[in-house]
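Inside the fold
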Amino acid sequence: MRRSAWVLVALSALSPLTACGQDRAAAPLTARVAPLPPRKPGPDRWAAEIAAAESASRRGDRRDATQRASRITAAYEQGGARNSDEYLSAGRAYVLLGVGNAQAVRSALAAFDRATAADSLNFDAQLRAGELFLEKYNAPDARLSFEGILRRSPTDAKALLAMARVEEFEGAGNPMATARLSIASDPRYAEALAFVAKMHRDAEAYDSARVYAQRAIDADSTSSAGWSVLGSMAFLNGDSATFRTSLVAVTARQPAPAEFYTELAEASVRQRRYTEAVALAKRAVGYDSLYVPAYGVMGTNQLRIGQMDAGRAALERAFALDPFNLWHKNTLDLLDKMKTFRTIDRGRFRVVAPPEEADLLALYIVPLLEQAYDSLAVRYGYKPPTPIRLEFYRYHADFSVRTVGLAGLGALGVSFGSLLAMDTPNGREKGQFNWGSTAWHELTHAFTLGASDHRVPRWLSEGLSVLEERRVGRGWGADATVSYVLAMANGTLRPISQLSDGFLRPRFPEETQFSYYAASLFCEMVEASRGAAALPAMLKGYRDGMDTPGVFQKVLGTTPRQIDAEFEAYTQRKFALALGAVRGATPTDSSGGKFVATMREGVAKMGSDRNAARALFEQARAMFPEYSGEDGPSWYLAEMARAANDTTRALTFVEYVTSRNETAWEANMMEADLREARGDKTGAIRALDRLNWIWPYDPLVHVRLATLSAAQGDRARAVLERRAIIAMGPTDLLDARYELARALRDAGDIAGARRELLQVLEEAPSFEKAQALLLELRGK
Amino acid sequence: MPVLKAPNRVVVTATKTSNERNESVFLQYFASALGMDAADADKDGRLSVFEVFRFARTEVGKVYTSSNRMQTEHALVSDSLLAARVAFGKTAASANPRITALIAERQALESEVASLRSKKASMNVEAYEAELERLLLALAEKTQAIRAAGGGT
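Before going into details, it helps to say that this report is about the structure given with it. (Residues numbered from 1 in each chain as written. Chains lettered and ligands numbered in written order. Predicted model: local features only at pLDDT ≥ 70, side-chain atom pairs only at ≥ 80, totals over all residues. Heavy atoms only, no water.)

Thoughts on the overall build of chain A
On a plain count of helices and strands, chain A comes out with 40 helices and five strands. In terms of overall dimensions, chain A has C-alpha extents of about 100 × 70 × 55 Å along its principal axes. Taken over 780 residues, chain A has a buried fraction of 55%. The long-range share in chain A, meaning contacts at least 24 apart out of those at least 6 apart in sequence, stands at 62%. As displayed, chain A offers around 31,600 Å² of accessible surface, 52% of which is attributable to carbon and sulfur atoms. (Helix = DSSP H or I, 4+ residues; strand = E, 2+ residues; numbered from the N terminus. Buried < 20%, exposed > 50% of the residue type's maximum accessible area, 1.4 Å probe, protein only. Contact = heavy atoms within 4.5 Å. Areas by Shrake-Rupley, 256 points an atom, 1.4 Å probe, with all protein chains shown as cover.)

Details of the interface of chain A and chain B
Taken together, the 23 residues of chain A in the interface contact 28 residues of chain B. Approximately 2,200 Å² of surface area, both sides summed, lies buried where chain A meets chain B, with 53% of it carried by carbon and sulfur atoms. At the surface where chain A touches chain B, the tally comes to six salt bridges. Arg147 of chain B is paired through a salt bridge with Glu768 of chain A; the nearest N and O atoms lie 2.5 Å apart. At the level of elements, helix 38 (733-746), helix 39 (750-763) and helix 40 (768-777) of chain A are the ones that each hand at least two residues to the side of chain A that touches chain B. At five residues, helix 39 of chain A tops the list of elements feeding residues into the side of chain A that touches chain B. Considering only residue class, the side of chain A that touches chain B consists of ten nonpolar, four polar and nine charged. (Buried area = accessible area lost by both parts, 1.4 Å probe. Salt bridge = Lys/Arg side-chain N within 4 Å of Asp/Glu carboxyl O. Nonpolar A, V, L, I, M, F, W, Y, C, P; charged D, E, K, R; others polar.)

Observations regarding the nonpolar core
All names here are of chain A. In this structure, Ile365, Leu443, Trp459, Leu460, Phe522, Phe575 and Phe595 are the most contacted members of the largest nonpolar core, which totals 121 residues. Here Leu443 is in contact with Phe349, Leu369, Ala372, Tyr373, Leu376, Ile388 and Leu420, once residues within four sequence places are set aside. Residues Ala213, Phe243, Phe260 and Leu419 belong to the second largest nonpolar core, which totals 69 residues. (Core = buried A, V, L, I, M, F, W, Y, C linked by side-chain atoms within 4.5 Å.)

Some thoughts on the packing of aromatic side chains
This structure, assessed with the given rule, holds 37 aromatic pairs over all chains. Pairing Trp459 of chain A with Phe552 of chain A gives two aromatic rings, centres 6.3 Å apart and planes at 75°, and the pair type is edge-to-face. Residue Trp459 of chain A is located in helix 22 (residues 458-471), and its partner Phe552 of chain A is located in helix 27 (residues 548-556); the two are separated by 93 residues in the primary sequence. Look at Trp459 of chain A and you get buried, because its relative accessible area is 3%. Between Phe26 of chain B and Phe30 of chain B, the ring centres sit 5.7 Å apart and the planes meet at 40°, which makes this aromatic pair tilted. (Phe/Tyr/Trp six-rings, centres within 6.5 Å; stacked < 30°, edge-to-face > 60°.)

Looking at unusual backbone geometry
Residue and element names in this part refer to chain A. For the peptide bond that leads from Thr386 to Pro387, omega is 5°, which places it in the cis range. Along the polypeptide, Pro387 turns up in the loop between helix 19 (355-380) and strand 3 (388-393). Of note in this structure, Tyr137 is not a glycine but carries a positive phi near 70°. Position of Tyr137 relative to the elements: it lies in the loop between helix 6 (123-135) and helix 7 (139-152). Under the relative-accessibility criterion, Tyr137 is labelled partly exposed at 23%. Positive phi outside glycine occurs at Asn645, with the angle close to 60°.

Details of the pattern of salt bridges
Residues and elements named next belong to chain A. Enumeration over the complete set of coordinates arrives at 74 salt bridges over all chains. We note a salt bridge from Lys540 to Asp544, for which the minimum N-O separation is 3.8 Å. With relative accessibility at 41%, the residue Lys540 sits in the partly exposed group. When its relative accessible area of 44% is taken as the criterion, Asp544 is described as partly exposed. Taken together, the shared-partner salt bridges in this structure form one network comprising Glu49, Arg59, Asp61, Asp64, Arg68 and Arg71.

Some thoughts on helix 33 (residues 647-658) of chain A
Residue and element names in this part refer to chain A. Here helix 33 contains twelve residues, and its C-alpha end-to-end distance of 15 Å stays within 8% of the 16 Å for a straight helix at 1.5 Å per residue. When we look at burial in helix 33, the residues that qualify are Ala650, Leu651, Phe653, Val654, Tyr656, Val657 and Thr658. Where helix 33 is buried, its residues contact helix 31 (610-623), helix 32 (633-643), helix 34 (665-677) and helix 35 (681-694). (Expected span 1.5 Å × (residues − 1).)

Structural notes on the sheet that holds strand 1 (residues 342-346) of chain A
All names here are of chain A. The strand order across the open sheet built from five strands is 1-2-3-5-4, with neighbouring strands paired in mixed fashion. Each end of this open sheet is capped by a strand with a single partner; those strands are strand 1 and strand 4 (413-415). Each strand axis lies, on average, 15° off the axis of its neighbour in the sheet, ignoring direction. Pairing of strand 4 with strand 5 (residues 419-423), which is carried by three bridges, proceeds in the antiparallel orientation. Within the sheet, the bridge partner assigned to Gly413 lies in strand 5 and is Met422. (Pairing = 2+ DSSP bridges. Axes fitted to C-alpha atoms, helices over the stretch in contact; angles between N-to-C directions.)

Quick word on the pairing of strand 1 of chain A
Residues and elements named next belong to chain A. Alignment of strand 1 against strand 2 (residues 349-353), held across five bridges, turns out to be antiparallel. Across the sheet, the residue bridging to Arg346 is Phe349, located in strand 2. The loop that links strand 1 with its antiparallel partner strand 2 comprises two residues; one of these, Gly347, has a positive phi angle of about 60°.

Thoughts on the packing of helix 38 of chain A against helix 40 of chain A
Residue and element names in this part refer to chain A. Direction vectors running N to C along helix 38 and helix 40 enclose 20°, while the axes themselves pass 10 Å from each other. In terms of orientation, helix 38 lies roughly parallel with respect to helix 40. Handedness of the crossing formed by helix 38 with helix 40: left-handed. Where helix 38 approaches helix 40, its residues Asp735, Tyr738, Ala741, Arg742 and Arg745 are matched on the opposing element by Lys769, Ala770, Leu773, Glu776 and Leu777. Here the contact of helix 38 with helix 40 is composed, by residue class, of five nonpolar, no polar and five charged. (Parallel < 35°, antiparallel > 145°, perpendicular 65-115°, else oblique. Left-handed = near helix turned anticlockwise from the far one by under 90°.)

As structure tokens, this is what we get:
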């Protein structure tokens, strides 16, 4: 289905800044300007009517709002406006008519632009134009509008708040700081106070959120935004009294509180409570069947809980009402594309993948996740509802759209509870990620989310998922890197009590990755110091409605500050050697210290003096024993030992890499070769198996696995590998199927072998090897 | 292709028109197929021109798909029926009349299999499979007999 999204763009001839005669790249916002004289509004024939229309809209009385707005736009279209304020009123009327009417949205923008052209001091018109741009997802033009105001009035509280919203939308700048500037300019500006409250709530800083929400309400007891934040937190925390108070306050102004319930739904999404979000969004739609954000939240989250048809229908409706929404367009386009995907139901899982990869991926991922399900169910005392849907995307952009509606998400996988999505291993370069550990990680979220009734904070959920990856063995789960230890040395890591911000508001690109690792170390520390039951007990604490300090106190018997100190001491001990090795000459030195210098020297000497190089690599290895990168000392030492035909030493070193590094393709291949050459078939199989979880598309790996497994008497594995070869669409499909028939025969599945052979010989009756096997099976 | 095409002539081209001007990889796969059992699609021990063509064309498609590139070459064959009859290498002919007779019997069985396949859609599954297996076993025994008599395939 062809689907195009509208784009609301500035009309250059009428754009606010051009009308004001300003250069868009003019002075910075902080430039000093003379205070402007107060602006006198002109006579506006529609002032009362537009105020009444907007009031009706806020109450949820769309009919009255539409009738009033239509009267204004009819008058405007017939007789035009007489001054800037009348243009502004006309624009506001068009905005009210803009639901499902893209032309009205454009007319609104044109009217706002004319209002500004008629009076460059009419900041309200510029503000509304910017807000309209932002509402229609055009942040750059919104920013230009707000910058235009701020250049003339740098402390305009409304424009500062609007700019904060742009920054939040773009994920750039510091929206919290900009909103605080707005509050500094007008300490009783309820909208700005509520905005800050919402940001705190979304960062899971509930105490601060409550303070700001209360300040918003104190400043304006009718502030829907303030009550919504307060109400949403009360809802999430099960505080029914505060929730009821908030609802009563909101409904006093808005008898059909669609916006309030949509806000609750969005807050629920932030806590990954998708099923509740859908229910809340449905209530919002029930109150206002034209409220686009409610359809958006409903559809997006229906898709996240596997209600594919209902989700699509809701998004179709949202897109029909708001054709500017690129997120919805992208998601609908992806759903169209997914019609070609194959669905494989097996055991407790439903695998949905591109047709050319579905069979291969399902062969391996289902048994792995069945194993994960059983072990996680025991550990966390919880069983997520099944079937669990696992979607694979060949193109990362598609995975990103599935997750957030837009391309550009950096993550490898995502868990919405009983729906997991991830890149196919083919979606990235070989060696960039491990699809087995990624799936295990995402499935763990389904358990930790469920066990905590979706109340576990993101940082702990991620830490547990990485810890569970590591428990599997096979080198899975993140390990220490030079940059992580450097960040420790330089003091740039957040303490545990602030780790949520490391995920939600990273200050530098690597911080999210560091936060995953730090969270997993915290989990390790807790398990080591408090026993295996402590982590599930923490989840239970969250499930019972406790916040993080409460959980720390009850389960760990400590305060957040004490846990920060304990974690600091734990990691300092754990990485004592590495810290000394990577620490630079000064606190800000990020060169990697002695470790990196020694490695560099070793690499430089490899061509000229191998003995010296070896000695340097061994020194480096002693300095940072945890380091297992394929650019690290163990890998170089393994390569040198192999070159010298010292396979024992080569194996010792390479195993150090493969047992810690989940994406080490070359190292695992070396280990497989060395072990096979030494007759260690079991060890070779283990290495080949690890390769398969890095990149399952190498037919030779599967052939080797099939052959070695058969030789070891693991007939079932041999059959699996033969099936995998077929699933990859080999060049010689008939020969691959013949080999499968042989493997089936060896496994005792004579009927299966015969069935396979008949199909092969039906295609190629003269296939002599297959004929001989058929005769053998029939005892001839 | 229209210029080169003629009766009793098989023309294979790496590209479909003169507009496909990028360097092609078809020839390298066509040449390598000549030494590969994998190219023998019907596993009869003989490589027909069409089998080699099809093998190379498939491999070319994979090369472009796996490297996420738009395919800029599309190979053509002028007469696929003739190309399927023209083979590289030796045929199964023999001077031994016993072997010649066995080969003829096997060819008859192969024809029966082909005939059975053409009726598959109209037959009961069990009956089809039983008849197919009977023919295939007979075929397999015939191949064994040819081998035992010193013949090749």
